[in-house]
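Spelled out from the first residue to the last, the chains are:
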Amino acid sequence: MSWLFGYGRNKDQGPDLSQMGLGVPAGAGGGSDEGSPKEPSLTKSERRQMEAYRFDSSALERAAQAARDLEKSKFPKEALELSKLQETTRQLEQQAKMKEYEAHISQMQIEAKRAEAEEKRKLLQEETRQHQARAQYQDQLARKRYDEQLAQQQRMNDESLRKQEESVAKQEALRRATLEHEIEVRHKSDMKRIEAELKAKAKVDRENRDLNLEQIRLRAQEHRATVLESIKTAGGVIGTGAQAMLTDWDKVLTAAGGLSLLALGVYSAKGATSVTARFIESRIGKPTLVKETSRFSLLEAAKHPIETLKRLREKEDDVLQGIVLAPKMEERLRDIAIATKNTKRNRGMYRNILMHGPPGTGKTMFTKKLAKHSGMDYAILTGGDIAPMRKDGVTAIHKVFDWANTSRKGLLLFIDESDAFLRKRSSEKLSEDLRATLNAFLYRTGEQSNKFMLILASNTPEQFDWAVNDRLDEMVEFSLPGMVERERLIRLYFQKFVLQPATEGKSRLKVDKFDYSALCTKMAEITDGMSGREIAKLGIAWQSAAYASEDGLLTEKMALDIVKDHVKQHRQKVQWQSEQEKRESSQGSYE
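Residues numbered from 1 in each chain as written. Predicted model: local features only at pLDDT ≥ 70, side-chain atom pairs only at ≥ 80, totals over all residues. Heavy atoms only, no water.

Under an unreviewed UniProt entry, the name given to the chain is AAA+ ATPase domain-containing protein, and the source organism is Dendroctonus ponderosae.

Quick look at the structure:
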C-alpha cells in the first residue's frame, strides 16, 4: 500500500513549470527554508496557478481514514480496489486540471505574443508615419527652397527689367529733349526767317504804295463806267418795248391771251396725263403690290400669251381637288365654296375670311381653288411688301382697292402674312407710316363689298389689331395633317412625282418592286408633325434621287432614307424656331 501513503515517490522533485513560463516554487528543492533561495516575486495570477502544484496534506488524512476503514471492513479486498479506483479517478481529474492550466498558460503565451506583435505593428506604423512626416517635411522644405529660389529669380528679373526700363526711359527722355531742342531751334530760325520776309515785304509795300493805289483807282472807275452803260442800255430797251406795247392795245391783249392759253394748256396736259395713267393702270395693268393674279389684262396677255390661252380654256373643277385635309375641315371649306359661288351668282355681299395656322397647310392653294370654283379672279399680295413702303404704303393700299373695285367678275383678294402690317396700334414698335397704312386699310374695308372678297392669312393672328378682327366674318384654322391625311398626301405625291413618270416612260425613272401600300403607311408614321408642303417636297426628293442614281431606279431603302433625312431637317427647323421664339420673348420681357 505504498501508493496509498505516497511511499517511493520522489518528494524532492516537483512539477516542471519552466516550460509554462513560471518559476520554481519555494521548498521544491527538498531542503529547509533556511538553506533554499527566497521565493521570487510573482503576480497574483501566477501565485493562483502555482497553488495547484503544492503538496496536498489531505491525501494522508484520506489514507489514514482508508486504512481504518479497511481494518473494520468485512471485504477489505473490494474496499481496497474501490479506493484504488477512487484514487485513480482523482489523479485523472488532477491531470485534467493540470492540462487545463497548461492550455490556459499556452493561451496566455499566445495572447502575450499577439500583444507583442501588435506592439511591433504599432511601432512599425509609428515609424512609417514618422518617416512619411519626415519626408513630407523635407518635401515642404525643398518646395519652400524652390519657391524662394523662384521668388529670388523673379525679383532679380524684375530688378533687371526695371533697370532696363529706366535705361530706355532715360534714352527716350534724352531723345525727346533732343527733338524738342531741334524743334525749338527750327522754330526760332523759321520765326526769324518769317520776320525778315515780312519786314522785306512791308518795305516793298511801302515803296510801291502809291503805284498800287493808282491801279486800284483805275480799275474801280472802269467797272463803274461799264455798269452804268449796261444799266442805261437795258433801261432804254425795256422802256422802248414797254412804251410800244402800252401804246398798242392789240399787242397787250395778244400777249395776255397767249400767256393764259399757255398756262391752261400746261395744266390741262398734266391733269389729262394723270387721269389717263390712272385709267390705264386700273384697266390694263395691275398694282405693284399684287404678286400674282388670274385677272385678264392686255399687258399680261401680251407678255404671256400661251399661259393666258391655257387659263381661258381651263374648266371648273372640284374646289378641293389636290388638297388633302381632315374630313370635318373639308366639309367646312366646301360650304364656304358653295356660299361664295352663290354669292357671286346672286351679286350679294362677300364675306371676309381669316385663314390661320402653320405654314404649308394649304391656305394659298385653297384660295386659288376657291376663286376658280366660284368664277372669280384672285389676286395675291403679301404683307411683307407693304410694311417696308413707309409713307408710300397708303397710296399703294388705295391703288390695290381701286383696282379691285374695277373687276367685273369679282376679285378674291388674298393677303398672305397679313400680320406684318395689321398689328395692334397700341404697340410701341408700330411706326407712324405703318399706322397710317393700317388706317387706310381699315378705311377701305369698313363696309361689305360686292366687288371683292377679302381673305387674310396669318401664322400669328393674335397680333391683329382689334379693328381688323372686327372686319372678319369667319375664321378657319388650317392644322397640320394627321396620320390618315399624311398617308393620303404621300400616296398623292408618290403617284404624281414617281409612279406617273415611271409608267409614262418618258424619263429614265423606274421603281423597284416593293410593297407600295405598306411603305406609304410606314412613311406616314415617320412624318409626324410635317406640313403638306414638306410632304410635297418629299415627292420631288424621291424623283431627284432616282434621276441621280446610275440606272434611274428608286428602291424602298432610298425612299425611306430620304424621308428620315427630311424628318431630321424638320426637327432641326422646329428647334431653331423654338429658340428664336425664346429669344424674342426674352427681349420683349426686358423691353
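There is more to say after this.
Peer 1: What is the right way to look at the overall build of the chain in this model?
Peer 2: Secondary structure summary: the chain contains 17 helices and eight strands in total. The proportion of buried residues among the 591 residues of the chain is 25%. Look at the contacts in the chain between residues 6 or more apart in sequence, and 79% of them connect residues 24 or more apart. Surface exposure of the chain reaches about 41800 Å², of which carbon and sulfur atoms provide 55%. (Helix = DSSP H or I, 4+ residues; strand = E, 2+ residues; numbered from the N terminus. Buried < 20%, exposed > 50% of the residue type's maximum accessible area, 1.4 Å probe, protein only. Contact = heavy atoms within 4.5 Å. Areas by Shrake-Rupley, 256 points an atom, 1.4 Å probe, with all protein chains shown as cover.)

Peer 1: What am I meant to see in the packing of aromatic side chains here?
Peer 2: Two aromatic rings, taken as a pair, are described by how far apart their centres are and by the angle between their planes. Enumeration over the complete set of coordinates arrives at seven aromatic pairs. Consider the rings of F421 and F441, whose centres lie 5.7 Å apart with planes at 85 degrees: the pair is edge-to-face. Residue F421 is found in the loop between β4 (411–416) and α12 (432–444), and its partner F441 is found in helix α12; the two are separated by 20 residues along the sequence. Note on accessibility: F421 and F441 belong to one class, buried. Grouped by ring-pair contacts, the aromatic residues F401, F421, F441 and F452 constitute a single cluster. (Phe/Tyr/Trp six-rings, centres within 6.5 Å; stacked < 30°, edge-to-face > 60°.)

Peer 1: Can you walk me through the environment of A536 in this structure?
Peer 2: Within the secondary structure, A536 sits in helix α16 (residues 532–548). A relative accessible area of 17% means that A536 is categorised as buried. On a C-alpha basis, the gap between A536 and F494 in space is 8.9 Å, while along the polypeptide they are 42 residues apart. With sequence-adjacent residues up to four places away left out, A536 is seen in contact with Y493 and F497.

Peer 1: So what exactly am I meant to see when it comes to the pairing of strand β3 (residues 377–382) here?
Peer 2: Consecutive residues of a regular strand have side chains that alternate between opposite faces of the sheet. Among the six residues of β3, five are classified as buried, and the element is accordingly described as predominantly covered. Note that strand β1 (residues 292–293) and β3 share two bridges and pair antiparallel. Across the sheet, residue E292 finds its bridge partner in β3, namely I380. By the bridge criterion, six bridges tie β3 to β4 in an arrangement that is parallel. Of the residues in β4, the one forming a bridge with L381 is I415. (Pairing = 2+ DSSP bridges.)

Peer 1: I'm lost on the pattern of salt bridges in this one. Help?
Peer 2: Between side chains of opposite charge, pairing is possible as soon as their charged atoms come close. Inspection of the entire model under this criterion finds 25 salt bridges. As a salt-bridge pair, E116 and K120 come within 3.9 Å of each other at their nearest N and O atoms. Linking E116 with K120, this pair stays in helix α4 (residues 76–247), spanning four residues, or about one helical turn. You can call K120 exposed: its relative accessible area is 53%. Measuring nitrogen to oxygen at the nearest pair gives 2.3 Å for the salt bridge that ties E126 to R129. (Salt bridge = Lys/Arg side-chain N within 4 Å of Asp/Glu carboxyl O.)

Peer 1: Can you help me understand the side chain of H356 in this one?
Peer 2: Position of H356 relative to the elements: it lies in strand β2 (residues 353–356). Dropping the residues within four chain positions of it, H356 is found in contact with K363, S458, P461, V476, E477 and F478.

Peer 1: Looking at this model, I keep getting lost on α12. Mind explaining?
Peer 2: Given 3.6 residues per turn, any residue in an α-helix points the same way as the ones three and four places further on. The end-to-end C-alpha distance of α12 is 19 Å, a good match for the 18 Å that 13 residues give at a rise of 1.5 Å each. Of the positions making up α12, those classed as buried are L434, T437, L438, A440, F441, L442 and R444. Of the surrounding secondary structure, the elements contacted by the buried residues of α12 are α10 (383–386), α11 (393–405), β4, β5 (452–458) and α13 (466–470). (Expected span 1.5 Å × (residues − 1).)

Peer 1: What's the story with the nonpolar core in this structure? I'm lost.
Peer 2: Generally speaking, nonpolar side chains in soluble globular proteins are found buried as a group. L413, I415, F421, L422, F441, L456 and V468 are the most contacted members of the largest nonpolar core, which has 30 residues in total. Not counting chain neighbours up to four residues away, the residues in contact with V468 comprise L422, L438, L442 and L456. L489, F497, L519 and A559 belong to the second largest nonpolar core, which has 27 residues in total. (Core = buried A, V, L, I, M, F, W, Y, C linked by side-chain atoms within 4.5 Å.)

Peer 1: How should I be thinking about unusual backbone geometry in this particular structure?
Peer 2: Excluding glycine, most residues fall at negative phi; most peptide bonds, likewise, are trans. Unlike most non-glycine residues, R390 shows phi in positive territory, near 60 degrees. Mapped onto the elements of the fold, R390 is located in the loop between α10 and α11. Under the relative-accessibility criterion, R390 is labelled exposed at 60%. Although it is not a glycine, E417 sits at a positive phi angle of roughly 50 degrees. Topologically, E417 is positioned in the loop between β4 and α12. For E417, a relative accessible area of 32% puts it in the partly exposed group.

Peer 1: Could you clarify how one ought to interpret the pairing of β4 in this entry?
Peer 2: Burial of β4 is extensive: five of the six residues sit out of reach of the surface. Relative to β5, β4 is paired through five bridges, and the arrangement is parallel. Residue pairing in the sheet places I415 in a bridge with L456 of β5.

Peer 1: Would you mind showing me how to read the sheet that holds β2 here?
Peer 2: What holds strands together in a sheet is hydrogen bonding between their backbones, with the strands either parallel or antiparallel. If you walk across this open sheet you meet the six strands as β1-β3-β4-β5-β2-β6, and the pairing is mixed. Of all strands in the sheet, those with a lone pairing partner are β1 and β6 (474–477), marking the two edges. With four bridges connecting them, β2 and β5 associate as parallel partners. Directly across from H356, in β5, lies its bridge partner S458. The sheet strands contacting helix α8 (residues 327–345) are β2, β5 and β6, and the helix crosses β6 at an angle near 145 degrees. Along the sheet, α11 contacts β1, β3, β4 and β5; its crossing angle with β4, the most-contacted strand, is approximately 155 degrees. (Axes fitted to C-alpha atoms, helices over the stretch in contact; angles between N-to-C directions.)

Peer 1: Looking at this structure, how should I read the packing of helix α14 (residues 483–504) against α16?
Peer 2: Packed helices, taken two at a time, are described by their axes: the angle between them and the distance between them. Put simply, α14 and α16 touch, their axes get as near as 9 Å, and they point 25 degrees apart. The angle between α14 and α16 places the two elements in the roughly parallel class. Here α14 runs over α16; the crossing is right-handed. Each of R486, L489, I490, Y493, F494, F497, V498 and P501 in α14 lies in contact with α16, whose residues at this interface are G532, I535, A536, G539, I540, W542 and Q543. Its residues assigned to classes, the contact of α14 with α16 shows eleven nonpolar, three polar and one charged. (Parallel < 35°, antiparallel > 145°, perpendicular 65-115°, else oblique. Left-handed = near helix turned anticlockwise from the far one by under 90°. Nonpolar A, V, L, I, M, F, W, Y, C, P; charged D, E, K, R; others polar.)

Peer 1: So what exactly am I meant to see when it comes to α8 here?
Peer 2: Under the 1.5 Å per step criterion, the end-to-end length of α8 is 27 Å for 19 residues, consistent within 8% with the ideal 27 Å. Among the residues making up α8, those that are buried are M329, E330, L333, I336, A337 and T340. Relative to the axis of α8, the buried residues are bounded by an arc of 120 degrees and lie together on one face. The outward face of α8, more than 90 degrees from its buried face, is lined by the exposed residues P327, K328, E331 and R345. Of the surrounding secondary structure, the elements contacted by the buried residues of α8 are β2, α9 (363–374), β5, β6 and α14. Positive phi shows up at R347, right after α8, with a value of about 55 degrees. (Arc of directions from axis to C-beta.)

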